Amino acid sequence: MCLNGEIRSRDHTLGAVRDSRLAEWDEARLPLYLLRTKDVEAWLRGRAIDAHRTNSRLLKKALRIAGADDMDAVLRVHAATITDTYWFCPEGEALAYDDICFKENLFAALALRGDPDSFNQPCSRTPELTNIGSYEKCWLQRDGQWWMVKQGNSLERFSEIFISRLGQALGFPMAEYLQEDGTVLSPDFTRFASVNYEPAEGIVGDDEDYRRNFEAFYALSPALARQYLEIIYMDTLCFNMDRHTKNYGVLRDVATGGILSMAPNFDNNVALFSRGVPRNMNRSNDKLIALWGELLERDERALKLARALPAPTWEMAEHYVRNAGIPIDAGDVCEFIMNGSALMRGQIERLKP
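Our subject in this report is the structure included herewith. (Residues numbered from 1 in each chain as written. Predicted model: local features only at pLDDT ≥ 70, side-chain atom pairs only at ≥ 80, totals over all residues. Heavy atoms only, no water.)

1. Re the nonpolar core
- The biggest cluster of nonpolar side chains holds 60 residues, and the ones touching the most others in it are F162, F217, L229, M234 and W292.
- Aside from chain neighbours lying at most four places away, what touches L229 is F214, W292, L295, A302, L305, A306 and L309.
- A80, I82, F107 and L129 belong to the second largest nonpolar core, which has 22 residues in total. (Core = buried A, V, L, I, M, F, W, Y, C linked by side-chain atoms within 4.5 Å. Buried < 20%, exposed > 50% of the residue type's maximum accessible area, 1.4 Å probe, protein only. Contact = heavy atoms within 4.5 Å.)

Structure, rendered in structure tokens:
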């Protein structure tokens, strides 16, 4: 496919695309992935719904694009998403942002549950074609805002809710989660793309290494590095095995492109006991704790910041376990959290200031 057109933010041109290549661009406001790679096709494909999700196949069939690859699917909605203002305007099409931004989602229930009634909706623009990730999910508009709704078993839902509330209690920016009818709901933290969310992939590629990430964010701003450290602190404390460069990132000013902060901590469903209660509750063999310790040992700036991080108490953890609204053994969760916290504190204390 040969692409010609413009990368836009709302109605402002950020880059010209000629023969699928960036020909010129706005250095300050271009999406970070494009700024790093200049690869227009990879950027577009990276915004497409995961074709391996069962309900994504149903969605494409309902929209009569069953044979479409990622590029065809994402271009069907001009690569627009709920959480940023970027989109692709093909050459020769007289379009404005108001023409392509999402105002409704008739296919929410189909994307989330494979609902047969949603399958029969008339074809329309849906944010599901750019709703990435491997879990069945949807964007739902309710109470004047967009909500991300995601399926999950009870332990996955518990992880999202408990970690969000524990992190908030510790003073960290966290996405909010509620549960409803076997799902978790989280309000769109960009508030109708009043800021642009961009995954860390735009800065570090697919490199999840703690030290290289910390260095990259520190080079942008020490405040960003501190916020990144808070995210991996919670990941380590709560055993989130699934942090990758598409589920953490930054918020940018829409008008200037300036990086404002790290996005709030989200996507913690593959954590704690979501894959079963570990045999080793004392966490003496915990790989995430080892990786955390390696970062502190190798980077004095990270160690200095880590010394100031608050530690949870048993009472705090127990409170949020019991108020999550999902039955689970509070003693097991608290023991797991506090054992992890003690080991992490021990690592800090063993290292010289």
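2. Structural notes on the side chain of T81
- Structurally, T81 can be placed in the loop between α4 (70-76) and β4 (86-90).
- Only 3.3 Å separates the side chain of T81 from the backbone nitrogen of T83, close enough to count as a polar contact.
- Within the structure, T81 has its side chain in polar contact with the side chain of D84 (distance 3.3 Å).
- For T81, the residues in contact, after removing those within four places along its chain, are R47, Y86, F102 and T130. (Helix = DSSP H or I, 4+ residues; strand = E, 2+ residues; numbered from the N terminus. Polar contact = N/O pair within 3.5 Å; in protein donor to acceptor, adjacent residues only side chain to side chain.)

3. Quick notes on the side chain of N196
- Relative to the helices and strands, N196 is located in strand β9 (residues 195-199).
- The exposure class of N196 is buried, given its relative accessible area of 1%.
- Polar contacts involving the side chain of N196 include one to the side chain of Y86, which spans 3.3 Å.
- Other than its neighbours up to four places away in sequence, N196 contacts S9, T83, D84, T85, Y86, V250, L251, R252 and V254.

4. Let's talk about the sheet that holds strand β2 (residues 12-18)
- Strand order in the open sheet formed by 4 strands is β3-β2-β1-β4, with antiparallel pairing between adjacent strands. Edge strands, defined here as strands with exactly one partner in the open sheet, are β3 (21-25) and β4. Averaged over neighbouring strand pairs, the angle between their axes works out to 30 degrees when direction is ignored.
- Looking at chain direction, β2 and β3 are connected through 4 bridges and run antiparallel. Residue R18 lies in a different strand from β3, and its bridge partner there is R21. (Pairing = 2+ DSSP bridges. Axes fitted to C-alpha atoms, helices over the stretch in contact; angles between N-to-C directions.)

5. Regarding the packing of aromatic side chains
- As enumerated under the stated definition, the model contains 12 aromatic pairs in all.
- Consider the rings of Y233 and W292, whose centres lie 5.6 Å apart with planes at 55 degrees: the pair is tilted. Of this pair, Y233 sits in helix α11 (residues 222-237) while W292 sits in helix α12 (residues 287-298), and the two are 59 residues apart along the sequence.
- Owing to a relative accessible area of 0%, W292 belongs among the buried residues under this scheme.
- Chaining the aromatic ring pairs together yields one cluster made of F172, Y233 and W292.
- R283 extends its terminal NZ or CZ atom over the ring of F336, reaching a point 4.1 Å from the ring centre.
- Over the ring of Y218 we find R301; its NZ or CZ atom is 4.3 Å from the centre of that ring. (Phe/Tyr/Trp six-rings, centres within 6.5 Å; stacked < 30°, edge-to-face > 60°. Lys NZ or Arg CZ within 6 Å of the ring centre and 35° of its normal.)

Keep in mind these values describe shape, not function.
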